[in-house]
Amino acid sequence: MEKPVELSDFLRTRRARLQPEEVGLVAYGARRRVPGLRREELAQLAGVSVTYYTRLEQGQSLNASDEVLDALARALRLSPDEHAHLRNIARPGRARPRPADRFERARAGTRQLIAAMREVPAVVVGHRNEVLAWNPLGHALLAGHLDPAAPDHRGERPNLSRMLFLDPHTRELYRRWEEEARANVAYLRLTAGRHPDDRELAALVGELSMNSPEFAALWARHPVNDCLFGSKELHHPVVGRLELAFEAMPLPEGGGHRMLLYSAEPGSASDAALRLLAGAAAGAAGAAGPDCGITVDGWELPGSSVNR
């Protein structure tokens with residue numbers, strides 16, 4: 001992901017979504033060759049010369065001051081996440097390249113913590129949305145059709161973004177798939193700005209762009225957002241419909257690791273379903289053999305008594 005191209009595309013998409021009248025400008029003439037604000041209009045709003053702004057948008061100036069970037073963010077009405085993203089992509093690369101063969105793992109203390117959370121689905125992910133660890137209920141909720149030990153094996157480690165766009169089981173899991181897809185791409189855009197030299201992240205984006213037209217279309221719009229909380233509507237193949245609250249908690253070890261936690265409103269039907277799934281997941285974790293469980297639509301939960 002080349003920074004000049006990234007910066008140019010980002011600024012153009014943000015100009016395109018604003019109309020002159022929205023920012024107090026008079027639009028002269030009925031015909032406009034480009035959607036949204038023209039370069040000279042944005043330059044006027046930001047208090048910079050048209051020549052300077054043009055050079056910036058064309059990627060010919062990668063040393064914009066904080067003052068200029070802040071002025072552009074105000075003029076473009078950027079969100080805090082978009083503002084931070086603009087700063088990341090408008091500066092020369094400062095990040096040190098990550099070792100290509102590094103296999104990240106969740107800390108032992110983090111693994112111990114999520115293992116103790118038996119009634120809360122918990123998943124630990126890296127900054128590329130790769131699954132570093134999950135507890136039995138987190139695995140049963142999001143990926144019961146995958147090997148529970150997959151996060152610990154190179155070449156098998158699941159990635160939530162790859163699953164969302166390329167795995168039919170995961171696609172069917174989300175009742176509001178389009179909303180989930182937009183949020184996922186917006187997070188990947190944000191993390192790409194934070195880690196511009198990450199070759200594995202660039203490879204993931206390339207893979208998804210080649211194999212998912214929906215991902216490619218969303219990526220081209222340059223959405224930017226760090227979704228740290230919200231709600232999820234799932235249709236789980238074992239326990240049915242679930243309405244869950246969602247929290248993404250940054251972890252202290254750095255590197256962009258986050259803990260994803262899910263919960264249901266106490267006393268709700270989703271709470272009952274989640275408790276049922278927790279019992280099934282506990283049985284799966286303690287099952288001694290392959291003949292004591294069930295398989296539903298590819299989701300295997302040994303030791304459970306859950307009926308579809």
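Residues numbered from 1 in each chain as written. Predicted model: local features only at pLDDT ≥ 70, side-chain atom pairs only at ≥ 80, totals over all residues. Heavy atoms only, no water.

J.: What's the story with the packing of helix α4 (residues 66-76) against helix α5 (residues 80-89) in this structure? I'm lost.
T.: The angle between the axes and the distance between the axes are what describe a pair of packed helices. Closest axis-to-axis distance for the α4/α5 pair is 10 Å, and the angle between their directions is 140°. Considered as vectors, α4 and α5 are oriented oblique to each other. α5 is crossed by α4, and the crossing has right-handed handedness. Of the residues in α5, those in contact with Asp66, Leu69, Asp70, Leu72 and Ala73 of α4 are His83, Leu86 and Arg87. Grouping the constituent residues of the contact of α4 with α5 by class yields four nonpolar, one polar and three charged. (Axes fitted to C-alpha atoms, helices over the stretch in contact; angles between N-to-C directions. Helix = DSSP H or I, 4+ residues; strand = E, 2+ residues; numbered from the N terminus. Parallel < 35°, antiparallel > 145°, perpendicular 65-115°, else oblique. Left-handed = near helix turned anticlockwise from the far one by under 90°. Contact = heavy atoms within 4.5 Å. Nonpolar A, V, L, I, M, F, W, Y, C, P; charged D, E, K, R; others polar.)

J.: Before we go on, may I ask you to explain the pattern of salt bridges in this structure?
T.: Opposite charge on two side chains allows them to pair when their charged atoms are near. Throughout the structure, instances matching the rule amount to 23 salt bridges. Between Arg275 and Asp271 there is a salt bridge, and its shortest N-O distance comes to 3.4 Å. A residue pair is termed a helical-turn pair when its members lie 3 or 4 positions apart in one helix, as Arg275 and Asp271 do in helix α13 (residues 269-286) at four residues. Each of Arg175, Arg176, Glu179, Glu233, Arg241 and Glu243 takes part in salt bridges that share partners, so that together they form one network. (Salt bridge = Lys/Arg side-chain N within 4 Å of Asp/Glu carboxyl O.)

J.: Looking at this structure, I do not really get the confidence of the model for the chain. What am I missing?
T.: Detailed reading of the predicted coordinates is not advisable wherever pLDDT is low. Residues at a pLDDT of 70 or more form 85% of the chain, whose mean pLDDT is 86. Considering each helix and strand of the chain separately, the mean pLDDT is smallest for strand β6 (residues 293-296), with a value of 48, and largest for helix α8 (residues 160-166), with 98. In the predicted structure, residues 302-308 sits below a pLDDT of 50 and forms 23 contacts with residues beyond four places in sequence or in another chain. (pLDDT = per-residue confidence, 0-100.)

J.: I would appreciate a short explanation of empty space enclosed by the protein in the present structure.
T.: Overall, the coordinates contain three cavities of 30 Å³ or more when judged by the stated rule. Considering only enclosed or pocket space, the largest cavity measures out at about 280 Å³ in volume. Lining the largest cavity are 18 residues, with Asn129, Leu160, Glu180, Asn184 and Lys232 positioned closest to its centre. Sorting the residues of the lining of the largest cavity by element identifies α8, α9 (168-173), α10 (177-194) and β5 (258-263) as the ones contributing at least two each. For the lining of the largest cavity, the leading source of residues is α10, giving four residues. Grouping the constituent residues of the lining of the largest cavity by class yields 12 nonpolar, three polar and three charged. (1 Å grid on protein atoms, 1.4 Å probe; cavity = no way out; pocket = protein on both sides within 12 Å on 5 of 7 lines; lining within 4 Å. Points joined across faces, edges and corners; volume = space filled by probe spheres on them.)

J.: I'm lost on the packing of helix α2 (residues 39-46) against helix α3 (residues 50-57) in this one. Help?
T.: Packing of α2 against α3 leaves a shortest axis separation of 9 Å and a crossing angle of 110°. The angle between α2 and α3 places the two elements in the roughly perpendicular class. In this structure, the crossing between α2 and α3 has a hand that is right-handed. Residue-level inspection shows Arg39, Glu40, Leu42 and Ala43 of α2 in contact with α3, the latter providing Val50, Tyr53, Thr54 and Glu57. Of the residues assigned to the contact of α2 with α3, the class counts are four nonpolar, one polar and three charged.

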